[in-house]
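Inside the fold
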Amino acid sequence: MTYNMWYPDNTGARMGVNELVFAIEEAITRHELKVGDRLPPQRILAYKLGVNPTTVSRAYQRAAQKGLVGGQIGRGTYVLGNSNAAMFAQAIGVSDALKINLSINKLRCDEVILKLNKQIEAANTLANTPQYYEYISNDLVLRFQRAVSQWLDTCRQVSFNENQILALPSCQYGLQMIFTRLLNAGDAILVDEFTAPGIITAAKQRGLRLFTCKGDEQGITPEGLASAAKQTGARMLVTIPSHHSPLGFSQSEARRRALADEVRRLDLLLVEEDIYGMFDTPAPVSGYIPEHSLLVSGFSKCLSGGHRASFIASANPVLHKLRENIVETAWLVSASAASHIITAIEHGLIDKAIQHCLAEMKRRNALLNKRLGLQLPLTSPHHWIASGVLDIRG
């Protein structure tokens with residue numbers, strides 16, 4: 001049996017320590033180097049690259065510090081399995097339709113979603129024009145705002161006019177921008193007892209303090225919100241009422257109305273992430289208090305993760321502050337992504353994508369319940385399983 005040793009491409013500029021470390025990380029991410037693969041001996045690699053052996057030695061040391069590789073005397077240097085690059089490669093590398101990958105929650109572009117996206121491309125009147133490949137125009141931004149307003153009205157049963165829609169490249173970016181523009185380092189924000197990693201990351205980057213609100217099986221209770229707001233003096237609540245991440249619950253209409261009343265009474269600003277709301281029946285909490293909320297959502301979970309075009313919908317004057325610098329908001333949305341979403345909404349194809357994804361979620365969850373002996377909710381993309389529940393031996 002022959003073994004093909006990996007070597008980095010050295011056809012470009014001379015490779016130094018940083019360039020070699022980057023090449024190793026990229027190779028792991030692209031599956032050119034897999035967990036357990038052996039890297040070339042340092043002297044051989046130095047000869048191949050035409051560099052000093054010290055350069056390779058330092059690069060291997062730095063790669064080891066980053067957790068990419070590890071070495072053993074007599075065995076050489078090997079790719080480790082616990083680095084970010086290795087875990088990301090494993091997460092995105094599952095392409096077998098028979099497998100259910102629970103390590104990352106992303107849209108799988110199966111034959112139905114691919115066909116719908118092809119239909120959208122064919123119907124997209126902008127696709128064969130120069131504007132499709134340029135920075136987004138003001139006219140296209142306005143069309144996107146109108147389309148989102150239409151979709152919110154028909155799909156999420158909430159009313160926001162086109163001037164109350166702010167185009168963004170992604171929901172995660174929207175959270176980061178809200179925290180950066182509206183809060184200062186050290187400010188407190190209120191969240192669920194268990195909250196999404198994206199919210200935690202965005203808050204940590206801004207140096208914000210997170211305080212949890214007491215809740216029940218439906219998440220935050222009005223009493224828990226009032227108590228936390230009184231104790232912390234926080235003026236912002238960040239929550240996910242629809243298909244909560246990571247707990248998977250969805251709040252009832254009655255709970256949403258009660259929370260809306262409490263947010264209004266406390267004069268808080270609600271930041272509601274609604275990225276999975278399209279798979280839920282109750283309207284967003286923001287629909288009851290549009291003047292007290294920022295509804296953050298998008299379409300990457302139902303149509304195309306590659307066409308990143310999200311939005312914030314709000315009747316609060318703070319939206320004008322977020323919109324002040326167009327270079328940080330709408331101009332970051334690509335014209336191709338915006339026109340794709342617009343076409344999908346205008347031709348009713350996004351609704352078909354939503355229904356298909358919902359059916360696939362039900363199929364996947366039913367299979368998990370059958371194989372693992374669980375009782376997971378069929379329509380939720382997130383699941384919280386207590387430690388020790390699963391026994392996957394045999």
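As the structure is a prediction and not an experimental result, all values here were calculated from the model.

1. Description of the overall build of the protein chain
What the protein chain contains, in helices and strands, is 13 helices and 11 strands. When each of the 394 residues of the protein chain is scored for burial, the buried share is 48%. Expressed as a percentage of contacts within the protein chain between residues at least 6 apart in sequence, the contacts between residues at least 24 apart total 67%.

2. Comments concerning helix 12 (residues 335–346)
Along its 12 residues, helix 12 runs 16 Å from first to last C-alpha, staying within 8% of the 16 Å computed at 1.5 Å per residue. Here helix 12 lies mainly inside the structure; 11 of its 12 residues are buried. Within helix 12, the full set of buried residues consists of Ala 335, Ser 336, Ala 337, Ala 338, Ser 339, His 340, Ile 341, Ile 342, Thr 343, Ala 344 and Ile 345. Buried residues along helix 12 sit against helix 5 (111–123), helix 6 (138–155) and helix 13 (349–372).

3. Considerations on the nonpolar core
With 75 residues, the main nonpolar core has Trp 151, Leu 152, Ile 178, Phe 179, Met 236 and Ile 312 as its most contacted residues. Residue contributions to this core peak at 8 residues, all from helix 6. Filtering out sequence-adjacent residues up to four positions away, Leu 152 remains in contact with Gln 157, Val 158, Phe 160, Ile 165, Leu 295, Phe 311 and Ala 313. Membership of the second largest hydrophobic core comes to 22 residues, among which are Ile 28, Leu 45, Val 56 and Tyr 60.

4. Here's the deal with empty space enclosed by the protein
The tally for this structure, following the rule as stated, stands at 1 cavity of 30 Å³ or more. In this structure, the largest cavity is lined by Leu 237, Thr 239, Pro 241, Gln 251, Leu 259, Ala 260, Val 263, Leu 270 and Val 285. Where the lining of the largest cavity is concerned, the elements lending two or more residues are strand 8 (236–239) and helix 10 (253–266). Here the lining of the largest cavity takes 3 residues from helix 10, the largest share from any one element. Classifying every residue of the lining of the largest cavity gives 7 nonpolar, 2 polar and no charged.

5. A closer look at a nonpolar patch on the surface
A cluster of nonpolar side chains, namely Ile 326, Val 327 and Trp 331, defines an oily patch on the protein surface of about 260 Å² accessible area. Counting through the fold element by element, Trp 331 comes out in the loop between helix 11 (318–323) and helix 12. The exposure class of Trp 331 is partly exposed, given its relative accessible area of 42%.

6. Quick notes on the packing of helix 5 against helix 12
For any two helices packed against each other, one specifies the crossing angle of their axes together with the interaxial distance. One way to put it is that helix 5 packs onto helix 12 with a least axis distance of 9 Å and a crossing angle of 100°. Comparing the axis directions of helix 5 and helix 12 gives the class roughly perpendicular. Contacts between helix 5 and helix 12 involve Asn 117, Ile 120, Glu 121 and Ala 123 from the former and His 340, Thr 343 and Ala 344 from the latter. In terms of residue class, the contact of helix 5 with helix 12 is made up of 3 nonpolar, 3 polar and 1 charged.

7. Focus: the pattern of salt bridges
According to the stated counting rule, one finds 15 salt bridges in the structure shown. Here Lys 66 and Glu 25 are joined by a salt bridge, their closest N and O atoms 2.8 Å apart. Residue Lys 66 is located in the loop between helix 3 (53–65) and strand 1 (69–72), and its partner Glu 25 is located in helix 1 (residues 17–29); the two are separated by 41 residues in the primary sequence. We classify Lys 66 as partly exposed; its relative accessible area is 46%.

8. Thoughts on the packing of aromatic side chains
Scanning all chains against the criterion turns up 5 aromatic pairs. Pairing Trp 151 with Phe 311 gives two aromatic rings, centres 6.5 Å apart and planes at 75°, and the pair type is edge-to-face. Taken together, the residues Trp 151 in helix 6 and Phe 311 in strand 11 (residues 310–313) connect sequence positions 160 residues apart. Of the two residues, Trp 151 and Phe 311, neither departs from the other in class, the shared state being buried. When the centroid spacing of 5.9 Å and the interplanar angle of 40° are considered together, the rings of Phe 299 and Phe 311 count as tilted. One end of the pair, Phe 299, is in the loop between strand 10 (293–297) and strand 11; the other, Phe 311, is in strand 11, and 12 residues separate them in sequence. Here Phe 299 falls in the buried class, since its relative accessible area comes to 1%. An aromatic cluster of at least three residues, connected via ring pairs, comprises Trp 151, Phe 299 and Phe 311. Against the face of Tyr 7 rests Lys 48, its NZ or CZ located 5.0 Å from the ring centre.

9. Structural notes on the pairing of strand 3 (residues 165–168)
By the alternation rule, side chains of strand 3 split into Ile 165 and Ala 167 and Leu 166 and Leu 168, which are all buried. Examined bridge by bridge, strand 3 and strand 11 share 4 bridges and lie antiparallel to one another. By the bridge assignment for strand 11, Ala 167 is matched with Phe 311.

10. Here's the deal with unusual backbone geometry
With an omega of 10°, the peptide bond between Ser 245 and Pro 246 qualifies as cis. For Pro 246, the location among the structural elements is in the loop between strand 8 and helix 10. Phi angles above zero are rare outside glycine, and His 31 is one such case at about 70°. Structurally, His 31 is set in the loop between helix 1 and helix 2 (42–49). Overall, the relative accessible area of 34% leaves His 31 in the partly exposed class.

Definitions and cut-offs
- Residues numbered from 1 in each chain as written.
- Predicted model: local features only at pLDDT ≥ 70, side-chain atom pairs only at ≥ 80, totals over all residues.
- Heavy atoms only, no water.
- Helix = DSSP H or I, 4+ residues; strand = E, 2+ residues; numbered from the N terminus.
- Buried < 20%, exposed > 50% of the residue type's maximum accessible area, 1.4 Å probe, protein only.
- Contact = heavy atoms within 4.5 Å.
- Expected span 1.5 Å × (residues − 1).
- Core = buried A, V, L, I, M, F, W, Y, C linked by side-chain atoms within 4.5 Å.
- 1 Å grid on protein atoms, 1.4 Å probe; cavity = no way out; pocket = protein on both sides within 12 Å on 5 of 7 lines; lining within 4 Å.
- Points joined across faces, edges and corners; volume = space filled by probe spheres on them.
- Nonpolar A, V, L, I, M, F, W, Y, C, P; charged D, E, K, R; others polar.
- Patch = residues over 30% accessible without salt bridge, like charges linked within 9 Å, V, L, I, M, F, W, Y side chains within 5 Å.
- Areas by Shrake-Rupley, 256 points an atom, 1.4 Å probe, with all protein chains shown as cover.
- Salt bridge = Lys/Arg side-chain N within 4 Å of Asp/Glu carboxyl O.
- Axes fitted to C-alpha atoms, helices over the stretch in contact; angles between N-to-C directions.
- Parallel < 35°, antiparallel > 145°, perpendicular 65-115°, else oblique.
- Phe/Tyr/Trp six-rings, centres within 6.5 Å; stacked < 30°, edge-to-face > 60°.
- Lys NZ or Arg CZ within 6 Å of the ring centre and 35° of its normal.
- Pairing = 2+ DSSP bridges.

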